[in-house]
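Listed here are the chains, written in short residue letters.
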Amino acid sequence: IVHLQVLLDRAGASPGVIDGFDGANVSKAIAGFEAMQHLPLDGKLDALVVERLGDDKHVIGPYIIAPDDADDLVSEVPKDYAEQAKMDHLGYTSIPEKLSERFHMDIDLLHALNPSAKFSPGETISVAVVGAPKTGRVKRIEARRADGQLVAFADDGDVLAIYPATIGSEDNPSPSGKHKVNGVARNPTYEYNPRVNFQQGKNRTKLTLPSGPNNPVGSVWIDLSEPTYGIHGTPEPSLIDKTGSHGCVRLTNWDVEELASMVKPGVVVVFTE
């Protein structure tokens, strides 16, 4: 499953976190790859999918932990927004957390591959060998609620990339219809307003939470023309399409960073059932 997840990730059909477990996100990624390859869509790993996916590169390889991998870490990220607002940066809390996101992995898989590692600078560890981010120009985006997927289309109508996504929830539904991208904010702060957004804990006043990968909207905010809504990252990538969002479209940080590099203001975003 790790092998399959890495190959899908390289192909632009994101399985979300690479964790070694089969499930809905893997099946959706296979179906996404089938769409990209103009194959019949069934989400099953048949011989033709295997043939199209295959390459001769290793899926697990060595990585030497660099000194700057220990930079910008924080001791902890409290759950309470009022406490987060007091911090300077909502960074990673450990080298394993930082590297697991860099290599699109679940942190438990990183530990499983390196059971004796201390994760210190200079140490060689095993990581997933993911590919370079997809490049191109996104013409249109579909946020498919029922499928829990976000699909990016190129100018010619072909699927450019596909991502598992958390799209709203029963209590906080996402918008409907057609909208547009206003712009992209990288490393955004987060403006919490309980009167506009939602109630978090006992916080009843506006708060500004600092930037960082563990910010509530992660490392990127793609602003939509529907006020207060956007496509953004997450501090908990393993929960993508497993728990609800507050109406927005939530991707893993690495997926939304890739998508952000391919969109411009004016790109159409359609919410479908």
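Each chain carries its own residue numbering, running from 1 in the written order of its sequence. Where local features are concerned, this predicted model is filtered to residues with pLDDT of at least 70; where side-chain atom pairs are given and counted, the filter is 80 or more; whole-chain, interface and lining totals use all residues. Hydrogens and waters are ignored; side-chain quantities use all the structure's heavy atoms.

**Thoughts on the overall build of the chain**
Within the chain one finds seven helices and 13 strands. Relative to the globule expectation of 19 Å for 273 residues, the C-alpha radius of gyration of the chain, 19 Å, shows essentially globular dimensions. Along the three orthogonal principal directions, the C-alpha set of the chain runs to about 55 × 50 × 30 Å. Accessible area is worked out with a 1.4 Å probe on protein chains only. A residue is then buried under 20% of its type maximum, exposed over 50%, and partly exposed in between. Across the 273 residues of the chain, 51% fall into the buried class. The contact rule is simple, with two residues in contact once any of their heavy atoms fall within 4.5 Å. The long-range fraction of contacts in the chain, counting pairs at least 24 apart against all pairs at least 6 apart in sequence, stands at 60%. Residue-level accessible areas treat just the shown protein chains as cover; the underlying method is Shrake-Rupley with a 1.4 Å probe. Accessible surface computed for the chain: about 13100 Å², of which carbon and sulfur atoms make up 51%. For the purpose of counting charges, residues Lys and Arg are taken to be positive, whereas Asp and Glu are taken to be negative. His and the chain ends are not included. Taken as the charge location is NZ of Lys, CZ of Arg, CG of Asp or CD of Glu. A gap of 6 Å separates the mean positions of the 26 positive and 38 negative side-chain charges of the chain. Helix and strand definitions here come from DSSP, where helices need a minimum of 4 consecutive H or I residues and strands a minimum of 2 consecutive E residues; each element is numbered from the N-terminal end. Two things to know: the radius of gyration comes from C-alpha atoms, and the globule rule equals 2.2 Å times the number of residues to the power 0.38.

**Comments concerning the packing of aromatic side chains**
When two rings of Phe, Tyr or Trp (its six-membered ring) have centres within 6.5 Å they constitute a pair, described as stacked for plane angles under 30 degrees, edge-to-face for angles over 60, and tilted for the intermediate range. Per the stated rule, a full pass over the model turns up three aromatic pairs. Joined through ring pairs, the aromatic side chains of Tyr-81, Tyr-190 and Tyr-192 make up one cluster. Across from the ring centre of Phe-153, 4.2 Å away, lies the NZ or CZ of Arg-140, which sits over that ring. The rule is short: NZ of Lys or CZ of Arg within 6 Å of the ring centre and within 35 degrees of the ring normal puts a charge over the ring.

**Observations regarding helix H2 (residues 24–36)**
By definition here, a helix of n residues has an expected span of 1.5 Å times n minus one. An ideal rise of 1.5 Å per residue puts 18 Å on 13 residues; H2 measures up with 18 Å between its terminal C-alpha atoms. Among the residues of H2, those classed as buried are Asn-25, Val-26, Lys-28, Ala-29, Ile-30, Gly-32, Phe-33, Glu-34 and Met-36. Looking one or two residues beyond H2, the residue adopting positive phi is His-38, at roughly 60 degrees.

**Side note on the sheet that holds strand E5 (residues 159–164)**
By way of backbone hydrogen bonds, the strands of a sheet pair with one another, either parallel or antiparallel. The criterion for strand pairing is that DSSP finds at least two bridges linking the strands in question. In spatial order, the strands read E5-E4-E3-E13-E7-E10-E11-E12-E6; together these nine strands make up an open sheet with mixed pairing. Single-partner strands in this sheet number two, and they are E5 and strand E6 (166–167). Seen against the sheet, H2 touches strand E4 (149–153) and E5 and runs at an angle of roughly 175 degrees to E5. The axes used here are C-alpha line fits, helices contributing only the stretch in contact, and every angle between their N-to-C directions lies in the interval 0 to 180 degrees. Lying over the sheet, helix H7 (residues 253–260) contacts strand E3 (140–144), E4, E5, strand E7 (177–186), strand E10 (220–224) and strand E11 (230–232), oriented at roughly 55 degrees with respect to E10.

**Let's talk about the packing of helix H1 (residues 2–11) against H2**
Where H1 contacts H2, the axes come no closer than 10 Å and their chain directions differ by 40 degrees. Classified by the angle between their axes, H1 and H2 sit oblique to one another. As H1 runs across H2, the sense of the crossing is left-handed. Contacts between H1 and H2 involve Leu-4, Gln-5, Leu-8 and Ala-11 from the former and Val-26, Ala-29, Ile-30, Phe-33 and Met-36 from the latter. Broken down by class, the residue content of the contact of H1 with H2 amounts to eight nonpolar, one polar and no charged. An angle below 35 degrees is treated as roughly parallel, one above 145 as roughly antiparallel, one from 65 to 115 as roughly perpendicular, and anything else as oblique. Two helices crossing with the near one rotated counterclockwise from the far one by less than a right angle form a left-handed crossing, whereas a clockwise rotation gives a right-handed crossing. Asp, Glu, Lys and Arg are counted as charged, while Ala, Val, Leu, Ile, Met, Phe, Trp, Tyr, Cys and Pro are counted as nonpolar; the rest, among them Gly, fall into the polar class.

**Things to note about the pattern of salt bridges**
Salt bridge, as applied in this entry: a Lys or Arg side-chain nitrogen positioned within 4 Å of an Asp or Glu carboxyl oxygen. Evaluated as defined, the whole model comprises six salt bridges. Here Arg-102 and Asp-69 are joined by a salt bridge, their closest N and O atoms 2.8 Å apart. Here the residue Arg-102 occupies a position in helix H5 (residues 95–102), and Asp-69 occupies one in the loop between strand E1 (60–64) and helix H4 (81–84), the gap between them amounting to 33 residues. A relative accessible area of 36% means that Arg-102 is categorised as partly exposed. Note on Asp-69: relative accessible area 1%, which makes it buried. For the salt bridge of Arg-145 with Glu-273, the shortest nitrogen-to-oxygen distance reads 2.9 Å. In this pair, Arg-145 is assigned in the loop between E3 and E4 and Glu-273 in the segment after strand E13 (268–272), connecting sequence segments 128 residues apart.

**Points about the environment of Ala-112**
You can see Ala-112 is positioned in helix H6 (residues 107–113). On a C-alpha basis, the gap between Ala-112 and Ser-126 in space is 9.8 Å, while along the polypeptide they are 14 residues apart.

**Some points on the side chain of Asn-215**
Summarising the element assignment, Asn-215 is placed in the loop between strand E9 (207–209) and E10. For Asn-215, a relative accessible area of 0% corresponds to the buried category. In terms of polar contacts, Asn-215 uses its side chain to reach the backbone carbonyl oxygen of Pro-188, at 3.2 Å. Those residues within four positions of Asn-215 in sequence are excluded, and the remaining contacts are Leu-90, Pro-188, Thr-189, Tyr-190, Leu-209, Pro-210 and Pro-235. Identification of polar contacts relies on pairs of N or O atoms within 3.5 Å, with a donor-acceptor requirement for protein atoms, meaning one able to donate a hydrogen and the other able to accept it, and with residues adjacent in sequence counted only if both atoms are side-chain atoms.

**A closer look at the nonpolar core**
For this analysis, a nonpolar core means a set of buried residues of the types Ala, Val, Leu, Ile, Met, Phe, Trp, Tyr and Cys, connected via side-chain atoms within 4.5 Å. Core analysis: the largest hydrophobic core is formed by 33 residues, its most contacted members being Leu-8, Leu-99 and Ile-125. Listed by contribution, the elements that provide at least two residues to this core are H1, H2, helix H3 (47–53), H5, H6, strand E2 (124–128), E4 and E5. The contacts of Leu-99, once residues within four sequence positions are left out, are Tyr-63, Ile-65, Asp-69, Leu-110 and Ile-125. In this structure, Val-181, Leu-224, Val-267 and Phe-271 belong to the second largest nonpolar core, which totals 26 residues.

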